[in-house]
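Descriptive analysis of the structure
So the chains spell out like this:
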Amino acid sequence: MRMNDDQIADLKQFIATTISQQTAHLATKDELANLATKEDLKSLATKEDLARVERKIDDIQAAIGEAISDSNESADAQITDLKQRVTTLERHFA
């Protein structure tokens, strides 16, 4: 059985369509070329970057420590004031 030109063209189109559908989910060469390499990722975390992050963490921790200290001092002052007021009231009603 010999195929005519129209049948061969149809078969080529069928094969091309089938291959296209089966490979549609695969990455293209251009997409692969734009992916980050291991060297790219290593360069993101240089010692300078890590030192900068550590300094920021230290600054944040210091700020939190100061805020807690200020809050504790304020609470202590309020407690002392309340103790004095309660003592005064106790004396007044005693």
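Residues numbered from 1 in each chain as written. Predicted model: local features only at pLDDT ≥ 70, side-chain atom pairs only at ≥ 80, totals over all residues. Heavy atoms only, no water.

A few words now on the overall build of the chain. A tally of helices and strands in the chain yields four helices and zero strands. Listing each helix as α and each strand as β along the chain from the N terminus yields α-α-α-α. Relative to the globule expectation of 12 Å for 94 residues, the C-alpha radius of gyration of the chain, 38 Å, shows a markedly less compact shape. Considering only C-alpha atoms, the chain reaches an extent of 120 × 40 × 15 Å along its principal axes. Looking at the 94 residues of the chain, the share that counts as buried comes to 0%. Element-wise, carbon and sulfur atoms account for 57% of the exposed surface of the chain, whose accessible area totals about 9200 Å². One finds the centroid of the 12 positive side-chain charges in the chain at a distance of 4 Å from the centroid of its 18 negative side-chain charges. (Helix = DSSP H or I, 4+ residues; strand = E, 2+ residues; numbered from the N terminus. Rg over C-alpha atoms; globule rule 2.2 N^0.38 Å. Buried < 20%, exposed > 50% of the residue type's maximum accessible area, 1.4 Å probe, protein only. Areas by Shrake-Rupley, 256 points an atom, 1.4 Å probe, with all protein chains shown as cover. Lys, Arg positive; Asp, Glu negative; His and termini not counted. Charge placed at Lys NZ, Arg CZ, Asp CG, Glu CD.)

Looking now at the pattern of salt bridges. Pairing between side chains of opposite charge can happen when the charged atoms of each approach one another. Enumeration according to the criterion identifies one salt bridge in this entry. With a closest N to O distance of 3.9 Å, R85 and D81 form a salt bridge. Taken together, the residues span about one helical turn, with R85 and D81 both in helix α4 (residues 47-93) at a distance of four residues. When its relative accessible area of 37% is taken as the criterion, D81 is described as partly exposed. (Salt bridge = Lys/Arg side-chain N within 4 Å of Asp/Glu carboxyl O.)

Geometric descriptors of this kind do not, in isolation, establish any biological role.
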